[in-house]
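# Structural characterization, general
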Amino acid sequence: MSTPESAGSRVLHDVEDQVCRITLNRPEALNALTPDQRERIIRLLGDASADPAVRAVVVTGTGRGFCAGADLRGGPPAGERVAGDVARTLRLGAQRLIAAVLDCEKPVLAAVNGTAAGLGAHLALACDLVLAAESARFIEVFVRRGLVPDGGGAYLLPRLVGPQRAKELMFFGDALTAPDAERLGLVNRVVPDEELAATARAWADRLAAGPTRALALTKQLVNASLDADRAAAFAAEAAAQEINMTTADAREGVASFVERRAPGFRGR
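Described below are features of the structure shown in this document. What you are looking at is a predicted structure, and each value in this text was computed from that prediction instead of being measured.

Once that is clear, we can look at the packing of aromatic side chains. Describing an aromatic ring pair means giving the distance of the ring centres and the angle of the ring planes. With the rule as written, the count across this model stands at zero aromatic pairs. Above the plane of the ring of tyrosine 155 lies arginine 159, whose end atom (NZ or CZ) is 3.8 Å from the centre.

Two residues of an α-helix separated by three or four positions point the same way, owing to the 3.6 residues in each turn. Compared with an ideal rise of 1.5 Å per residue, which puts 13 residues at 18 Å, helix α9 (residues 196-208) spans 18 Å between its outermost C-alpha atoms and is within 8% of the ideal. Taken as a whole, α9 has its buried residues at Leu196, Thr199, Ala200, Trp203, Ala204, Leu207 and Ala208. Take α9 and look down its axis: the buried residues cluster within an arc of 170°, on one side only. Along α9, the residues that are exposed and aim more than 90 degrees away from the buried face are Ala198 and Arg206.

Moving on, we come to empty space enclosed by the protein. Enumeration over the complete set of coordinates arrives at two cavities of 30 Å³ or more. For the largest cavity, the calculated volume is near 50 Å³. Looking at the largest cavity, the residues that line it are Ala121, Leu125, Phe138, Ile139, Glu140, Leu157, Leu169, Leu176 and Leu186. Looking at the lining of the largest cavity, the elements with two or more residues in it are α5 (119-125) and β8 (137-139). Residues belonging to the lining of the largest cavity are distributed by class as follows: eight nonpolar, no polar and one charged. A volume near 40 Å³ is recorded for the second largest cavity. Contributing to the lining of the second largest cavity are Asp14, Val19, Arg21, Val58, Ala200, Arg201 and Ala204. Secondary-structure elements contributing two or more residues to the lining of the second largest cavity are β2 (19-24) and α9.

Below, the discussion takes up the sheet that holds strand β9 (residues 175-177). Strand-to-strand pairing in sheets goes through backbone hydrogen bonds, with the strands running parallel or antiparallel. Read from one edge to the other, the open sheet built from four strands follows the order β4-β6-β8-β9, with strand pairing classed as mixed. Both edges of this open sheet fall to β4 (65-67) and β9, since each of them pairs with a single strand only. On average, each strand axis in the sheet is inclined to that of its neighbour by 25°, with strand direction left out of account.

Sizing a probe to match a water molecule and rolling it over the atoms shows the empty space that remains. The calculated volume of the second largest pocket comes to roughly 620 Å³. Lining the second largest pocket are 27 residues, with Ala126, Cys127, Asp128, Val222 and Asn223 positioned closest to its centre. Secondary-structure elements contributing two or more residues to the lining of the second largest pocket are β5 (108-112), β7 (129-133), α6 (153-161) and α10 (212-225). In terms of residue class, the lining of the second largest pocket is made up of 18 nonpolar, five polar and four charged.

Quick look at the pairing of β5 now. When you tally the buried positions in β5, you get five out of five residues, the bulk of the element. Neither face of β5 is left uncovered, since the one carrying Val108, Ala110 and Val112 and the one carrying Leu109 and Ala111 both have all their residues buried. Where strand β3 (residues 56-61) lies against β5, four bridges are found, and the strand directions are parallel. The residue bridging threonine 60 from the neighbouring strand is alanine 111, located in β5. By the bridge criterion, four bridges tie β5 to β7 in an arrangement that is parallel. Within β7, the position partnered with alanine 110 by the bridge is valine 130.

Calculation criteria
Sequence order sets the numbering: in each chain, residues are counted from 1 along the sequence as written. For a predicted model such as this one, the threshold for reporting local features is a pLDDT of at least 70, and the threshold for listing and counting side-chain atom pairs is 80 or more; totals across whole chains, interfaces and linings nevertheless cover every residue. As a rule here, side-chain values come from all non-hydrogen atoms in the structure, and water together with hydrogens is ignored. Pairing of aromatic side chains requires ring centres within 6.5 Å, counting the rings of Phe and Tyr and the six-membered ring of Trp. Pairs whose planes differ by under 30 degrees are stacked, by over 60 edge-to-face, and all others tilted. By definition, being over a ring means that NZ of Lys or CZ of Arg is both within 6 Å of the ring centre and within 35 degrees of the ring normal. Secondary structure counts use DSSP, requiring at least four H or I residues in a row for a helix and at least two E residues in a row for a strand, with both numbered from the N terminus. Working rule for helices: expected span equals 1.5 Å times residues minus one. With a 1.4 Å probe rolled over the protein chains alone, any residue whose accessible area is under 20% of its type maximum counts as buried; one over 50% counts as exposed, and the rest are partly exposed. Of all possible arcs, the one meant is that of the directions from the helix axis to the C-beta atoms. The way it works is a 1 Å grid over only the protein atoms, where trapped points that fit a 1.4 Å probe form a cavity and open points with protein on both sides within 12 Å along at least five of seven lines form a pocket, and then any residue with an atom within 4 Å of a point lines it. Grid points are joined across faces, edges and corners, and a volume is the space filled by probe spheres set on the points. Each residue receives one of three labels: charged for Asp, Glu, Lys and Arg, nonpolar for Ala, Val, Leu, Ile, Met, Phe, Trp, Tyr, Cys and Pro, and polar for the others, Gly being one of them. DSSP-based pairing: two strands are paired if at least 2 bridges between them are found. Between N-to-C directions, angles cover 0 to 180 degrees, with each direction set by a line fitted to C-alpha atoms, over the stretch in contact for helices.

The structure is reproduced here in structure tokens:
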């Protein structure tokens, strides 16, 4: 059984130039997530939200896999199942992980370096932007195990590709290549494997140089838009702009426009 100490070595973390980098580091298991790794990622995303020194987040993996999903080998021993256990486990586990990505107040970029399956696919697709190496694959693996998709899959996929495409992916569980994922709109851009890290760094640097609070509010508006009617969406937009206009970055953006110069955003 893994320990909190091992979770630190199996989920690497560093902050450089205002970019928080979270790297799944179990290449021998295609970065399948154990519960302690999942909890560390949730904590790191929460810390990134609250830390003014962090203005963008990158999630990636080592080796051939981005994340092969939850590590089922560490599950509870077989025995009589207690009603509610499975639902409780999902609420406190996989769903909390996806919510941590969606709720992070900094833009989160997935750099998908290889296979993203099951919960691993949903971890990538919950991110605000998705870069994929040419060798990456996305697999809704649940049907292969006789399982219902979890980790927010039935929430995320229809919003990204529509209900028919989502059902096709989930009903058949076929591996989706990176170019096909880009064609369907699951991926922002596909790059050669050797260019993934540099491209992710360049995108993260651009995000980190942006108006951080405006990006956070924009993320909230977009994420909520498909669940809101027009009146609610317009009201949320107006409230977000009201809040944003109190920031130093908004004042800087307006001043730079008037003065015909490039803005210098500080994330404040």
